[in-house]
2 protein chains.
Amino acid sequence: MPTKTQPAVRDEGPVPAYQRIKNHVIAQIQKGVWGEGDLIPTELMLCEQFGVSRMTAHRALRELTGAGLLVRQQGSGTYVAPIKIASTLIEIRSIAQDIRGRGHQHSCRVVSLQTVVASAEQSSRLGLRVRAKLFRSVIVHFENGTPIQLEDRVVDAARMPDYLDQDWSQLTPNEYLMHAAPAPTGYYSIEVKLPTADVAGALNVPSSEPCLVLERTTLSNGAFASHAVMWYPGSRYKLAGQIPI
Amino acid sequence: MPTKTQPAVRDEGPVPAYQRIKNHVIAQIQKGVWGEGDLIPTELMLCEQFGVSRMTAHRALRELTGAGLLVRQQGSGTYVAPIKIASTLIEIRSIAQDIRGRGHQHSCRVVSLQTVVASAEQSSRLGLRVRAKLFRSVIVHFENGTPIQLEDRVVDAARMPDYLDQDWSQLTPNEYLMHAAPAPTGYYSIEVKLPTADVAGALNVPSSEPCLVLERTTLSNGAFASHAVMWYPGSRYKLAGQIPI
DNA sequence: GAGTGGTCTAGACCACAAT
DNA sequence: TTGTGGTCTAGACCACTCC
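For clarity, every value in this text was computed on a predicted model and none was experimentally measured.

**Focus on the packing of helix H1 (residues 17-30) of chain A against helix H3 (residues 54-66) of chain A**
Residue and element names in this part refer to chain A.
- H3 packs onto H1 with a crossing angle of 50 degrees between their chain directions and a minimal axis gap of 8 Å. Accordingly, the angle class assigned to the pair H1 and H3 is oblique. H1 and H3 meet at a crossing whose hand is right-handed. Across the interface between the two elements, Ala 17, Tyr 18, Ile 21, Lys 22, Val 25 and Ile 26 of H1 pack against Thr 56, Ala 57, Arg 59, Ala 60, Leu 61, Glu 63 and Leu 64 of H3.

Structure (structure tokens):
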């Protein structure tokens, strides 16, 4: 059955049933079909829809609950979690949804889009072929017109060949990735840095203002998907989330 | 049904079998019985030891793997994860283990230990009784003699009556909590702040140096356990971890 | 009482590693 | 070949919510 040509997303073998259900739920929320606070299908309905046992449907919903995407109430049902619970760190919702969830307006400005070749350092750190082709986007996100995040991202070009053709005013890179590389895992780090002149200019802060720098490498199905460096003005941002366990 | 007296640790009903196994594994790692890279018992051994089915033992190990505490290899076995994978954010390992894991020396200085009464604001934010009794500790942690974290913590006194009697040179508050309130969940936030004069003095940084401030509220078995504010010198620290999903 | 989620069992088949 | 983990089933009992 997996007899695709050279598709945008590599085929990593059969996808487990619980993962297919997770991807489906994530997609419905990403697409806005299921909104914040909405009641979603019960375990038994998902069992029928996907032809699985209840344990399997339950596992999918339990894991998404652990990730802060859903809220479950015994005797009542399963709901899309309110945004305040969603972890900004995982950013399974995008910064755009985050901002809109605060009732504010999101906009963005594309600073640059390029095709680049992985440096030796990148190749080894990210587990890429030497001189692998990457796409790089630099985008500033605004909340009510105030710059709130500078996002400098590279993605695997072989895996997402149409990355540069997206309309970033309609879709953030993160939202695009949720489709192209669903259910990511990976690593992050958070530190305080003074902005470079470019970053300070883009965020419209003095270069003396310390920034929160969130760096994140995401893998999907075990292979490199994306590396992002996100700069937030220290005076205007706070990262919050749920402790995962 | 909740008709208990006021015990040190509230009884929240029977603990699920998978949770008992998780607590056991966490405790073995915390106590150092199982060290980094060690092979731990197989699912079938845990099935026998705890008298559960394989699905239950598997769930416990899978969740701990998701939390970055274990690494599993099909065909081989389950191992304690290397420290670099352990999330500093969850701090399921303590800062002391973190520092020792880098091959450095950990020490600490107790700034203050007090009994305090929850303010109205704390009571509502943390879900406590009004004027609940709390213990507060303020401790500076050093890495090779350099101050690296100021930890300002309050815990529920009813739940941890012996909190103030601990020898903090032998055990960090976090390590104590891993015993008194195992397998915590909760919320965190991370932001950049300039230190107060007290904080700057304790960390031995100029009051112009921005700090990374990690605030964390932990619950155990659904009830408040601890609230901590941790200050890190921005120039000397980076938080890193795994993306949970 | 009917429906929901929370947990658990006792099997099963598979992919993979060690031997 | 044996043992490991990865997944999955078809039931079960329970606590809880809603009607």
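That covers the picture; the talk isn't over yet.
**Points about the protein's contact with DNA strand C**
- As a matter of local geometry, DNA strand C sits amid 24 residues, with Arg 54 and Met 55 of chain A together with Ala 17, Ser 53 and Thr 56 of chain B nearest to it.
- Within 4 Å of the protein, the contacting atoms of DNA strand C are drawn from sugar and phosphate to the extent of 58%.
- Note that a phosphate oxygen of DNA strand C is positioned 3.1 Å from one of the backbone N or O atoms of Glu 43 of chain A.
- Side-chain polar atom of Gln 74 of chain A to a sugar or linking oxygen of DNA strand C: 2.9 Å apart, as the coordinates give it.
- Secondary-structure elements contributing two or more residues to the surface near DNA strand C are H3, strand S2 (70-73) and strand S3 (77-80) of chain A together with helix H1 (17-30) and helix H3 (54-66) of chain B.

**Brief notes about the environment of Leu 171 of chain A**
- Locating Leu 171 of chain A in the fold gives a position in the loop between strand S6 (146-156) and helix H6 (173-180).
- In this view, Leu 171 of chain A contacts Gln 166 and Tyr 176 of chain A; residues no more than four positions away in its chain are not counted.

**Examining the protein's contact with DNA strand D**
- With respect to spatial proximity, 24 residues lie near DNA strand D, and among them Ala 17, Ser 53 and Thr 56 of chain A together with Arg 54 and Met 55 of chain B are the closest.
- Gly 75 of chain B is positioned with one of its backbone polar atoms (N or O) 3.0 Å from a base oxygen of DNA strand D.
- The separation between a phosphate oxygen of DNA strand D and a polar side-chain atom of Thr 78 of chain B is 3.1 Å.
- Here the surface near DNA strand D takes four residues from H3 of chain A, the largest share from any one element.
- Along the lines of polarity and charge, the residues of the surface near DNA strand D split into six nonpolar, 13 polar and five charged.

**Some thoughts on the domain arrangement of chain A**
All names here are of chain A.
- Split by domain assignment, chain A resolves into domain 1 (17-81) and domain 2 (95-233).
- Summarising the inter-unit geometry, the C-alpha centres of domain 1 and domain 2 are found 28 Å apart.
- In this assembly, six residues from domain 1 lie in contact with six residues from domain 2.
- In this assembly, domain 1 packs against domain 2 so that about 480 Å² is buried in total across both faces, 57% of it on carbon and sulfur atoms.
- Of all residues in domain 1, Asn 23, Ile 26 and Gln 30 bury the most surface against domain 2, accounting for 72% of the area lost on that side.
- Where domain 1 packs against domain 2, one counts zero salt bridges.
- Linking domain 1 with domain 2 are zero residue pairs in polar contact (both at pLDDT 80 or more).
- The class makeup of the residues in the side of domain 1 that touches domain 2 is two nonpolar, three polar and one charged.

**Points about the side chain of Glu 143 of chain A**
Residues and elements named next belong to chain A.
- Relative to the helices and strands, Glu 143 is located in strand S5 (residues 133-143).
- Only 2.9 Å separates the side chain of Glu 143 from the side chain of Arg 102, close enough to count as a polar contact.
- Setting aside residues up to four positions removed in sequence, Glu 143 forms contacts with Ile 99, Arg 102, His 104, Gln 105 and Ile 148.

**Examining the nonpolar core**
- The biggest cluster of nonpolar side chains holds 26 residues, and the ones touching the most others in it are Ile 190 of chain A together with Ile 190 of chain B.
- Counting residues per element, the ones that place at least two in this core are helix H4 (95-101), strand S7 (185-193), strand S8 (211-220) and strand S9 (223-233) of chain A together with helix H4 (95-101), strand S7 (185-193), strand S8 (211-220) and strand S9 (223-233) of chain B.

**Comments concerning the pairing of S8 of chain B**
Residues and elements named next belong to chain B.
- The element S8 is extensively covered by neighbouring structure, given that nine of its 10 residues are classed as buried.
- When S7 meets S8, the two strands line up antiparallel, connected through nine bridges. Residue pairing for S8: Gly 186 is matched across the bridge by Thr 218.
- Alignment of S8 against S9, held across 10 bridges, turns out to be antiparallel. Residue pairing in the sheet places Leu 219 in a bridge with Phe 224 of S9.

**Section: the sheet that holds S2 of chain A**
- Ordered in space as S1-S3-S2 (chain A), the three strands form an open sheet in which the pairing is antiparallel. Only two strands of the sheet have a single partner each, and these edge strands are strand S1 (39-40) and S2 of chain A.

Calculation rules
- In this numbering scheme, every chain counts its residues from 1 along its sequence in written order.
- Naming scheme: in the order in which they are written, chains are lettered from A and ligands are numbered from 1.
- In keeping with the model being predicted, local features are shown solely for residues with a pLDDT of at least 70 and side-chain atom pairs are shown and tallied solely at 80 or more, while totals for entire chains, interfaces and linings include all residues.
- Hydrogens and waters are ignored; side-chain quantities use all the structure's heavy atoms.
- Every axis in this analysis is a line fitted to C-alpha atoms, fitted for helices over the stretch in contact. Angles between the N-to-C directions lie between 0 and 180 degrees.
- Every helix listed is a DSSP run of H or I at least four residues long, and every strand listed is a run of E at least two residues long, numbered separately from the N terminus.
- Roughly parallel means an angle under 35 degrees; roughly antiparallel, over 145; roughly perpendicular, 65 to 115; everything else is oblique.
- In a left-handed crossing the near helix is turned counterclockwise from the far helix by less than a right angle, and in a right-handed crossing that turn is clockwise.
- In what follows, a contact means two residues having at least one pair of non-hydrogen atoms within 4.5 Å.
- Working definition: residue near molecule or strand if any one of its non-hydrogen atoms lies within 4 Å of it.
- Polar contacts here mean pairs of N or O atoms no more than 3.5 Å apart (in protein, one a potential hydrogen donor and the other a potential acceptor; neighbouring residues in sequence count only if both atoms are side-chain atoms).
- When residue character is reported, Ala, Val, Leu, Ile, Met, Phe, Trp, Tyr, Cys and Pro are called nonpolar, Asp, Glu, Lys and Arg charged, and the others, Gly included, polar.
- As used throughout, domain bounds are those supplied by an automatic or database domain assignment.
- Once two parts are put together, the accessible area they lose, assessed with a 1.4 Å probe and summed over both, is termed the buried area.
- Counted as salt bridges are all cases of a side-chain nitrogen of Lys or Arg within 4 Å of a carboxyl oxygen of Asp or Glu.
- Residues belong to one nonpolar core when they are buried, are Ala, Val, Leu, Ile, Met, Phe, Trp, Tyr or Cys, and are joined through side-chain atoms within 4.5 Å.
- Exposure categories follow from relative accessible area, calculated using a 1.4 Å probe and restricted to protein chains: below 20% of the type maximum is buried, above 50% is exposed, and the middle band is partly exposed.
- We call two strands paired when DSSP finds no fewer than two bridges between them.

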